[in-house]
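Spelled out, the chains give:
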Amino acid sequence: DTAVSQTPKYLVTQMGNDKSIKCEQNLGHDTMYWYKQDSKKFLKIMFSYNNKELIINETVPNRFSPKSPDKAHLNLHINSLELGDSAVYFCASSQDLETVNTEAFFGQGTRLTVV
Amino acid sequence: AQTVTQSQPEMSVQEAETVTLSCTYDTSESDYYLFWYKQPPSRQMILVIRQEAYKQQNATENRFSVNFQKAAKSFSLKISDSQLGDAAMYFCAYRSPPKGGSEKLVFGKGTKLTVNP
């Protein structure tokens, strides 16, 4: 059973297109995240949701729109894709209760290539 | 804002030997969590070890152990008896205590570890 699963694993698309990445977690966690890993392997938070509510929006262009239909799902929609959006996008989840494990569990990543 | 610094972009070690990866961080908080994640070529982010700042005892997981120096804001990872499968990018990460979803992970830039046979 995969704890955090993302689809697709690879995505190649042309500039200007709109695409979505889906993420689901079966851990019962309250909080989900999107991280971006650039070509130099640097990982940075983009968004976090807690029980379907947007908590963190880390100066990401508004072409990126996360959507959380329920606390087990957090999708990322990207409009008008640009070359600079090429990266690996990671979904993650964690439990935010003080007495519960606080590490984040990551999906396998989606490698987005914009051509 | 919290920052995490990994000063070694690359490290190498001979199989069966020991290597230490460095990490320093900056924060004004007294309560927080520190992690080491491993990212092999498969891209999967795998938790190696975690440390709660309120615990003085250094965390240990089999061949992996940390040297946590809270006053110096240092959190190094020691890998003993290195194996070929340990070759990967290693990321040090900082996290604030749980605050309803606002507790993001802040990552260092990573250290690429090569294990030589």
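Here, every reference points to the structure presented above.
For clarity, every value in this text was computed on a predicted model and none was experimentally measured.

Draft legend 1. Here's a closer look at the overall build of chain B. A tally of regular secondary structure across chain B gives zero helices and 12 strands. Secondary structure of chain B in N-to-C order comes out as β-β-β-β-β-β-β-β-β-β-β-β. Relative to the globule expectation of 13 Å for 117 residues, the C-alpha radius of gyration of chain B, 14 Å, shows essentially globular dimensions. Referenced to the eigenvectors of the C-alpha coordinate spread, the extents of chain B come out at roughly 45 × 30 × 25 Å. Looking at chain B as a whole, 50% of its 117 residues qualify as buried. Residue pairs at least 24 apart in sequence account for 56% of intrachain contacts in chain B once pairs closer than 6 positions are excluded.

Draft legend 2. The arrangement of the overall build of chain A in detail. Assigned secondary structure in chain A consists of zero helices and 11 strands. Mapped in sequence order, the helices and strands of chain A form the string β-β-β-β-β-β-β-β-β-β-β. Taken along the three principal axes of its C-alpha coordinates, chain A extends 45 × 25 × 25 Å. In chain A, buried positions account for 47% of the 115 residues. Taking all contacts inside chain A whose residues are at least 6 apart in sequence as the whole, residues at least 24 apart take part in 54%.

Draft legend 3. Spotlight on the sheet that holds strand S7 (residues 64-70) of chain A. All names here are of chain A. Strands sit in the order S1-S3-S8-S7 across an open sheet of four strands; the sheet is antiparallel. Of all the strands in the sheet, the pair left with one neighbour each is strand S1 (4-7) and S7. Recorded for the sheet is a direction-independent mean angle of 20° between the axes of neighbouring strands. Where S1 and strand S3 (residues 19-25) come together, four bridges link them in antiparallel fashion. Among the inter-strand pairings, Thr-7 is bridged to a residue of S3, identified as Lys-22.

Draft legend 4. Fine view of the pattern of salt bridges. Taken as a whole, this structure holds nine salt bridges over all chains when the rule is applied. Between Glu-82 of chain A and Arg-63 of chain A there is a salt bridge, with the nearest N and O atoms lying 3.5 Å from each other. Here Arg-63 of chain A lies in the loop between strand S6 (53-57) and S7 and Glu-82 of chain A lies in the loop between strand S8 (73-78) and strand S9 (87-94), a separation of 19 residues in the sequence. Salt bridges here are not isolated pairs; linked through shared partners, they connect Glu-103 of chain A together with Arg-50, Glu-52 and Lys-55 of chain B.

Draft legend 5. Highlighting the layout of surface pockets. What the largest pocket holds in volume is close to 240 Å³. If you trace the largest pocket, you find 15 residues lining it, with Phe-42 and Lys-44 of chain A together with Gln-2, Lys-104 and Val-106 of chain B closest to the centre.

Draft legend 6. Spotlight on the interface of chain B and chain A. Between chain B and chain A, the residue contacts involve 22 residues of the former and 32 residues of the latter. Summed over both sides, the interface of chain B with chain A buries roughly 2,200 Å², with 53% coming from carbon and sulfur. The tally of links from chain B across to chain A stands at two salt bridges. Here chain B and chain A share 11 residue pairs in polar contact (both at pLDDT 80 or more) between them. For the side of chain B that touches chain A, the secondary structure elements donating two or more residues are strand S5 (33-39), strand S6 (46-52), strand S10 (88-95) and strand S11 (105-107) of chain B. Considered class by class, the residues forming the side of chain B that touches chain A number 10 nonpolar, six polar and six charged.

Draft legend 7. How the structure looks around the side chain of Thr-27 of chain B. Here Thr-27 of chain B lies in the loop between strand S4 (24-26) and S5. Within the structure, the side chain of Thr-27 of chain B is placed 2.7 Å from the side chain of Tyr-94 of chain B, a separation counted as a polar contact.

Draft legend 8. Highlighting unusual backbone geometry. Along the chain, Thr-7 of chain A connects to Pro-8 of chain A via a cis peptide bond; the corresponding omega equals 0°. Along the chain, the position of Pro-8 of chain A falls in the loop between S1 and strand S2 (10-13). Even without being glycine, Lys-41 of chain A reaches a positive phi, approximately 75°. Positive phi is not limited to glycine here, since Lys-73 of chain B has a value of about 55°. Of note, Lys-73 of chain B is situated in the loop between strand S8 (64-69) and strand S9 (74-79). Owing to a relative accessible area of 27%, Lys-73 of chain B belongs among the partly exposed residues under this scheme.

Draft legend 9. The arrangement of the pairing of S10 of chain B in detail. Residues and elements named next belong to chain B. Burial of S10 is extensive: eight of the eight residues sit out of reach of the surface. Here S5 runs beside S10; their pairing, made up of seven bridges, is antiparallel. Its bridge partner lying in S10, Tyr-37 is registered against Phe-91. Pairing of S10 with S11 involves three bridges; the strand directions are antiparallel.

Analysis parameters
Residues numbered from 1 in each chain as written. Chains lettered and ligands numbered in written order. Predicted model: local features only at pLDDT ≥ 70, side-chain atom pairs only at ≥ 80, totals over all residues. Heavy atoms only, no water. Helix = DSSP H or I, 4+ residues; strand = E, 2+ residues; numbered from the N terminus. Rg over C-alpha atoms; globule rule 2.2 N^0.38 Å. Buried < 20%, exposed > 50% of the residue type's maximum accessible area, 1.4 Å probe, protein only. Contact = heavy atoms within 4.5 Å. Pairing = 2+ DSSP bridges. Axes fitted to C-alpha atoms, helices over the stretch in contact; angles between N-to-C directions. Salt bridge = Lys/Arg side-chain N within 4 Å of Asp/Glu carboxyl O. 1 Å grid on protein atoms, 1.4 Å probe; cavity = no way out; pocket = protein on both sides within 12 Å on 5 of 7 lines; lining within 4 Å. Points joined across faces, edges and corners; volume = space filled by probe spheres on them. Buried area = accessible area lost by both parts, 1.4 Å probe. Polar contact = N/O pair within 3.5 Å; in protein donor to acceptor, adjacent residues only side chain to side chain. Nonpolar A, V, L, I, M, F, W, Y, C, P; charged D, E, K, R; others polar.

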